[in-house]
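# Chains, contacts and geometry: an overview
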Amino acid sequence: MLRQADNDKLTQTGPGTPLGGLMRSYWQPAGLVSEMPVERPVKAVRLFGEDLVLFKRGDGWGLISRFCAHRGVDLSFGRLEDGGLRCLYHGWLYNDEGRCVEQPAEPAHSQFLDKIRISNYPCVERNGIIFAYMGAGDPPPFPAFDCFTAPEEYTFAFKGLWECNWLQGLEGGIDPSHVSFLHRFIGEDPREVYGQQFSEEVEGTGQKLSKLVGDHYRPDIEVESAEHGLRVFAVRQLTEEIKHVRVTNLMFPNAFVVPFGNNRVFTQWHVPIDDENHYWYMIFYDFNEVVDKETMLRQRLENVSLPDYRPLRNRGNNWGFDAREQNELTYTGMGLDINVHDQWAVESMGSIQDRTQERLGVSDRAVTANRRLLLRAIDAFEAGGPTPAHPLDEAEAAAYVGPLAVDTIAANEGWQERWLEKETERRQASPWFRSQPEVADA
């Protein structure tokens, strides 16, 4: 359990909060490229308790305050002109740096506009997601992680709204023991659906991952520090000679990286809208094959309502719970989409989980390790010290690897080396992966 003061420190991300300051010092997803309207690429967004407007400018993106400094009207309705947004009320024009560059109703000789600047944040686009830097000073370079360096045609990006605090979503993703229960099928997983996690056979076992982890529900969990945050091992004994090794990662401060079948991986960020709601953003990437983006987009859009990407199964309809299905098909009774299972788990705790009342066990090692890391990082950031996964220059960023995420089987002896060999083999066989000898030393 946590003290109330620590629970507050780990969940409050608004302007001026310790955690808010730390998280703003990293690049954060602000929107999907695919959600921006084609005719007029402007959209109101809310990040870390701030109301902003995201817009296309030339070959890049701008992110500025949603409200005009003049009389406070909504700039998300503004005219997209001259690489900026023009307020509809009196024609004030703002560029992507939040500077007012035209005030057509003011006298021609007026220098009033030089005094006007609203909140603004630099943006870059990476594999279908528009990232924003909301911190002070110059933004850090992007680490050379797979989700950023994979060619665009081998990736797919999406998002979803979860109505709870960001940390609940993240902690679900770094908890390797829940998959044995929450995503279990009473019988056999009936799906043969492209791009669905847990539906692919684990190489060398003849079993889908959902059944394998369901049958072996008491993994040994180990956690180690890594340049990107934490590396998490869930090791299941399949036979007297063979183990199943699943390697997942915390990508500090608010993302995780997990394997998605034998040749696929995804990185998922949990980004606060405010303290009681957040979006998860995902970049899925395939080491071997070009991704069928149209199919994946169609499948995922079938399960959400636009423009907010709210799941059709939600608290308002009990996440689609069906008692007969729970008896006959799925462990949850909430459909076949594991995103809904995860959503139920973290939303059902309440908007902000009261961690003063929880009781954690050995299987929660990754969760407790992350909380300790996060609390230390908040203190370090406030003291002006270094924080995890925050490269200081381009050379350091280029040296980052992975993070490595893999499902494999290995003999009892030497499994620690075998999973690395498997990952190296996968990368060497990839048509796009650049040579990274550091993998062998990860």
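Residues numbered from 1 in each chain as written. Predicted model: local features only at pLDDT ≥ 70, side-chain atom pairs only at ≥ 80, totals over all residues. Heavy atoms only, no water.

### Regarding the packing of helix H1 (residues 4–11) against helix H9 (residues 365–382)
Direction vectors running N to C along H1 and H9 enclose 75°, while the axes themselves pass 11 Å from each other. With respect to each other, H1 and H9 are oriented roughly perpendicular. Contacts between H1 and H9 involve Asp6, Lys9 and Leu10 from the first element and Arg371, Leu374, Leu375, Ile378 and Asp379 from the second. Of the residues belonging to the contact of H1 with H9, the class tally is 4 nonpolar, no polar and 4 charged. (Axes fitted to C-alpha atoms, helices over the stretch in contact; angles between N-to-C directions. Helix = DSSP H or I, 4+ residues; strand = E, 2+ residues; numbered from the N terminus. Parallel < 35°, antiparallel > 145°, perpendicular 65-115°, else oblique. Contact = heavy atoms within 4.5 Å. Nonpolar A, V, L, I, M, F, W, Y, C, P; charged D, E, K, R; others polar.)

### Details of unusual backbone geometry
Of the consecutive residues phenylalanine 252 and proline 253, the connecting peptide bond is found in the cis state with omega at 5°. By the secondary structure assignment, proline 253 is in the loop between strand S15 (242–251) and strand S16 (255–259). Of note, the bond from glycine 402 into proline 403 is cis; its omega dihedral lies within 30 degrees of zero at -15°. Considering the arrangement of structural elements, one finds proline 403 in the loop between helix H10 (394–398) and strand S21 (406–411). Unusually for a residue other than glycine, phenylalanine 48 sits at a positive phi of about 50°. For phenylalanine 48, the location among the structural elements is in the loop between strand S2 (42–47) and strand S3 (50–57).

### Details of the pairing of strand S4 (residues 60–65)
Counting buried positions along S4 yields 6 of 6 residues, so the element is predominantly enclosed. Between the antiparallel neighbours S3 and S4 lie 2 residues, among them glycine 58 with a positive phi of about 55°. Across 2 bridges, S4 lies against strand S9 (residues 120–121) in antiparallel orientation. Among the inter-strand pairings, leucine 63 is bridged to a residue of S9, identified as tyrosine 121. (Buried < 20%, exposed > 50% of the residue type's maximum accessible area, 1.4 Å probe, protein only. Pairing = 2+ DSSP bridges.)

### Considerations on the confidence of the model for the protein chain
Do not read the fine detail of predicted coordinates wherever pLDDT is low. Chain-level statistics for the protein chain give a pLDDT mean of 89 and a share of 92% at 70 or above. Scored below 50 in pLDDT, residues 435–442 shows 16 contacts in the model against residues more than four places distant or in partner chains. (pLDDT = per-residue confidence, 0-100.)

### Description of the environment of glutamate 347
Mapped onto the secondary structure, glutamate 347 falls in helix H8 (residues 338–347). Looking at glutamate 347, the relative accessible area reads 1%, which means it is buried. Apart from residues lying up to four places away in sequence, glutamate 347 is in contact with Leu161, Trp162, Glu163, Cys164, Arg315 and Trp319. Among the polar contacts made by the side chain of glutamate 347, one reaches the main-chain amide nitrogen of glutamate 163 at a distance of 2.7 Å. (Polar contact = N/O pair within 3.5 Å; in protein donor to acceptor, adjacent residues only side chain to side chain.)

### A closer look at the packing of aromatic side chains
Tallying each qualifying case throughout the model produces 26 aromatic pairs. Here the aromatic rings of tryptophan 27 and tyrosine 133 are separated by 5.9 Å at their centres, their planes lie at 55°, and the arrangement is tilted. Of this pair, tryptophan 27 sits in the loop between helix H2 (18–24) and strand S1 (28–32) while tyrosine 133 sits in the loop between strand S11 (129–132) and helix H3 (146–149), and the two are 106 residues apart along the sequence. According to the relative accessible area criterion, tryptophan 27 is buried, its value standing at 12%. (Phe/Tyr/Trp six-rings, centres within 6.5 Å; stacked < 30°, edge-to-face > 60°.)

### With respect to the sheet that holds S3
In spatial order, the strands read S2-S3-S4-S9; together these 4 strands make up an open sheet with antiparallel pairing. The outermost strands of the open sheet, each flanked by one partner alone, are S2 and S9. As judged from the 6 bridges shared by S2 and S3, these two strands associate in the antiparallel manner. By the bridge assignment for S3, leucine 47 is matched with glutamate 50.

### A short note on helix H4 (residues 166–173)
The buried fraction of H4 is high, at 7 of 8 residues. Listing the buried residues of H4 in full gives Trp166, Leu167, Gln168, Gly169, Leu170, Glu171 and Gly173.

### Re the pattern of salt bridges
Within this structure, the stated rule accounts for 28 salt bridges. Of the charged contacts in the structure, one is a salt bridge between aspartate 6 and arginine 3, with a shortest N-O distance of 3.2 Å. Aspartate 6 sits in the buried class, given a relative accessible area of 14%. Ionic pairing is found between lysine 293 and glutamate 152, a salt bridge with its closest N-O pair at 3.2 Å. Of the two residues, lysine 293 sits in helix H6 (residues 293–301) while glutamate 152 sits in the loop between H3 and strand S12 (155–162), which places them 141 residues apart along the sequence. Assessed through its relative accessible area of 45%, glutamate 152 is described here as partly exposed. Salt bridges sharing common partners tie together Arg79, Glu81, Asp82, Arg86 and Glu102. (Salt bridge = Lys/Arg side-chain N within 4 Å of Asp/Glu carboxyl O.)

### Structural notes on H6
For H6, the full list of buried residues reads Thr295, Met296, Gln299 and Arg300. Projected down its long axis, H6 shows its buried positions confined to an angular sector of 120°, all on one face. On its buried side, H6 packs onto S12, strand S18 (277–286) and strand S19 (304–305). (Arc of directions from axis to C-beta.)

### Focus: the sheet that holds strand S10 (residues 123–126)
Overall, antiparallel pairing links the 3 strands, which are arranged S1-S11-S10 in an open sheet. Each edge of the open sheet is held by one strand with a lone partner, namely S1 and S10. Strand-to-strand twist in this sheet, taken as the mean axis angle between neighbours without regard to direction, amounts to 35°. Pairing analysis gives 4 bridges linking S1 to S11, with the strands arranged antiparallel. Across the sheet, the residue bridging to proline 29 is phenylalanine 131, located in S11.

### Structural notes on a nonpolar patch on the surface
On the surface, Phe181, Ile186 and Tyr331 cluster together into a nonpolar patch covering about 260 Å² of accessible area. With respect to the helices and strands, tyrosine 331 occurs in the loop between helix H7 (323–328) and H8. (Patch = residues over 30% accessible without salt bridge, like charges linked within 9 Å, V, L, I, M, F, W, Y side chains within 5 Å. Areas by Shrake-Rupley, 256 points an atom, 1.4 Å probe, with all protein chains shown as cover.)

### A look at the side chain of asparagine 127
With respect to the helices, strands and loops of the structure, asparagine 127 is situated in the loop between S10 and S11. Among the polar contacts made by the side chain of asparagine 127, one reaches the main-chain carbonyl oxygen of cysteine 147 at a distance of 2.8 Å. Among the polar contacts made by the side chain of asparagine 127, one reaches the main-chain carbonyl oxygen of alanine 150 at a distance of 3.0 Å. Those residues in contact with asparagine 127, other than ones at most four positions away along the chain, are Cys147, Phe148, Ala150, Pro151, Glu152, Thr155, Ala157 and Ile283.

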